[in-house]
Amino acid sequence: MMSNEIIDKADKVMARTYKRSPVVFVKGRGCKLWDSEGRAYTDFVAGIAVCNLGHAHPRVAKALSVQAETLFHVSNLYYTVPQTELAAWLTEHSFADRVFFCNSGAEANEAAIKISRKYFSDKGETVRYRIIAMEKSFHGRTMATLSATGQDKIKKGFDPVLEGFDFVPFNDTEALRKKIGPSTCAVLLEPIQGEGGVRCPEPGYLEAVRQICNESGTLLIFDEIQTGIGRTGTLFAYEQFGVEPDIMTLAKALGNGLPIGAMLTREHIAESFGPGAHASTFGGTPVITAASLETMKTISEENILDHCKTIGAYFKEKLISLKDRHEVIEDVRGMGLLLGMKLKIKGESVVKACMEKGFVINCIQDDILRFIPPLIIGKSETDSLIACLDEMLKG
Ligand SMILES: *Cc1c(COP(=O)(O)O)cnc(C)c1O
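Here's what I pulled together on the structure shown here. As the structure is a computational prediction, the values presented were derived from the model and not from experiment. (Residues numbered from 1 in each chain as written. Predicted model: local features only at pLDDT ≥ 70, side-chain atom pairs only at ≥ 80, totals over all residues. Heavy atoms only, no water.)

On to the sheet that holds strand S2 (residues 32-35), then. Sheet strands line up and pair through hydrogen bonds in the backbone, either parallel or antiparallel. Strands sit in the order S1-S2-S3-S13 across an open sheet of four strands; the sheet is mixed. Either end of the sheet is taken by a strand with one partner, and the two such strands are strand S1 (25-29) and strand S13 (359-360). Strand direction decides the pairing type here: strand S3 (residues 40-43) and S13, joined by two bridges, are parallel. Following the sheet pairing, aspartate 43 is matched in S13 by valine 360. (Pairing = 2+ DSSP bridges. Helix = DSSP H or I, 4+ residues; strand = E, 2+ residues; numbered from the N terminus.)

Right, let's get into the sheet that holds strand S8 (residues 219-223). An order of S4-S10-S9-S8-S7-S5-S6 is seen for the seven strands of this open sheet, with the pairing classed as mixed. On the outer flanks of this sheet lie strand S4 (98-102) and strand S6 (165-168), each paired with one strand and no other. On average, each strand axis in the sheet is tilted by 20° relative to the strand beside it, whichever way the strands run. Sheet topology places strand S5 (residues 130-134) next to strand S7 (residues 184-189); three bridges connect them, and they run parallel. Bridge pairing in S7 places isoleucine 131 opposite alanine 186. Contacts between helix H4 (residues 81-92) and the sheet are confined to S4, strand S9 (247-250) and strand S10 (261-265), with S4 contributing the most and set at about 130° to the helix. Contacts between helix H5 (residues 105-122) and the sheet are confined to S4, S5, S6, S7, S8, S9 and S10, with S9 contributing the most and set at about 160° to the helix. (Axes fitted to C-alpha atoms, helices over the stretch in contact; angles between N-to-C directions. Contact = heavy atoms within 4.5 Å.)

Moving on to unusual backbone geometry. A cis geometry characterises the amide bond from aspartate 159 onward to proline 160, with omega recorded as -5°. Within the secondary structure, proline 160 sits in the loop between helix H7 (152-155) and S6. Here glutamine 365, not a glycine, exhibits a phi torsion of approximately 50°, which is positive. Relative to the helices and strands, glutamine 365 is located in the loop between strand S14 (362-364) and strand S15 (368-371). Phi is positive for aspartate 366, which is not a glycine, with a value near 70°. The exposure class of aspartate 366 is exposed, given its relative accessible area of 51%. (Buried < 20%, exposed > 50% of the residue type's maximum accessible area, 1.4 Å probe, protein only.)

Glancing now at the environment of alanine 291. Summarising the element assignment, alanine 291 is placed in helix H12 (residues 286-301). The spatial distance from the C-alpha of alanine 291 to the C-alpha of alanine 68 is 10.0 Å, given a sequence separation of 223 residues. Discounting chain neighbours no more than four positions away, the residues touching alanine 291 are Val60, Ala63, Leu64 and Leu258.

The next thing to look at is the site of the ligand. All residues adjacent to the ligand are Ser104, Gly105, Ala106, Asn109, Phe138, His139, Gly140, Glu190, Asp223, Ile225, Gln226 and Lys252. Within the backbone of glycine 105, an N or O atom sits 2.8 Å from an oxygen atom of the ligand. With respect to the ligand, the side chain of aspartate 223 contributes an N or O atom lying 2.7 Å from a nitrogen atom. In the complex, the protein chains occlude 81% of the 390 Å² of accessible area that the ligand would expose alone. Considering each element in turn, the shell around the ligand owes the most residues, three residues, to H5. For the shell around the ligand, the class distribution of residues is three nonpolar, six polar and three charged. (Near = heavy atom within 4 Å. Polar contact = N/O pair within 3.5 Å; in protein donor to acceptor, adjacent residues only side chain to side chain. Areas by Shrake-Rupley, 256 points an atom, 1.4 Å probe, with all protein chains shown as cover. Nonpolar A, V, L, I, M, F, W, Y, C, P; charged D, E, K, R; others polar.)

Looking now at the packing of helix H3 (residues 58-68) against H12. It is the contact of H3 with H12, at a shortest axis distance of 8 Å, that shows an interaxial angle of 155°. When the axis of H3 is compared with that of H12, the two are roughly antiparallel. Where H3 crosses over H12, the handedness of that crossing is right-handed. Here Arg59, Val60, Ala63, Leu64, Gln67 and Ala68 of H3 lie close against H12, whose contacting residues are Pro286, Val287, Ala290, Ala291, Glu294, Thr295, Lys297, Thr298 and Glu301. Looking at the contact of H3 with H12 residue by residue, the class counts come to eight nonpolar, three polar and four charged. (Parallel < 35°, antiparallel > 145°, perpendicular 65-115°, else oblique. Left-handed = near helix turned anticlockwise from the far one by under 90°.)

That is the geometry; function is a separate question.
What follows is the structure in structure tokens.
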């Protein structure tokens, strides 16, 4: 079928929840994508920071197919090997002692919200249920996670949202200090705000947040759904700030394209998730966890983190040099391969023009171009995109 046939058909039968580019992708390999007309593209979106090892990675594909021929699913009424091994890998490589598996980012944050409340409820402190989140944050689209999201456009039309969420500006320690009170159970934030515009913490901010949480006995939750799994150049972004959370949520790149989420925490908090407290039918199912485990092993065995740091710094430098040449660029920011370029114009036309030139890029908040390629992106691919943007921004 031709692209336009598929597009027409999809537009008749799919919910209208997404504004899609008029392209039908049929194949991917590494940092390349092909559409149904046979055109090739270089992918700087990676399925929204998901395919960190690139498309159809041979090791992940192999692990997936081997497990698919062995055992798909049995439920969490029983033990399975891939799930156990993945949880062991994640706890060995993070601050956490225990892992709860689910299927998406929103569900991971749901689990974080639930365990924070339950932790204090178990201690008899039922008044301690409020969560402080950040303005411009993004935590998901379920009722609880949109309630925790600091963007009005995401809540519009869904009132009443869930009770118990307060908001302060990101990077404002004083506002947080003032807002935190005897009813606060947790502070929830992304170490670098992704959907909100690739906004980085100012030096010392995350340390100060940790300090405020320690002083008030409040739990600190890091939503590393976008920043985790190597995206910023370390396995988890918190490592670069020297600040450990009490709870961390993961999803996006955890399965390199397969749906999986996880909530990780320390032993004394994990105690509040006893048998029956929380559950997910598909959470940590063998096929997905086998692929996820292979993703993690590949990242650590194939020097992906160092490559991400090096190429990320190179890419950022090139974006900054574009800013020096083009009036229309307001700001360049980000870490590793989570990079943003704020424009003084709307970004939609740039995204469209890049697509026509064979580059898949993304725009958030109307005027911020976001670059989140597979972590295996090379120098020459980066140079080609920079040259394309350079030419385009002249106009
Ligand atoms: C994408 C994202 C989510 C939501 O993940 P879903 O899998 O779409 O539910 C939550 N938090 C952050 C920081 C994200 O980037």
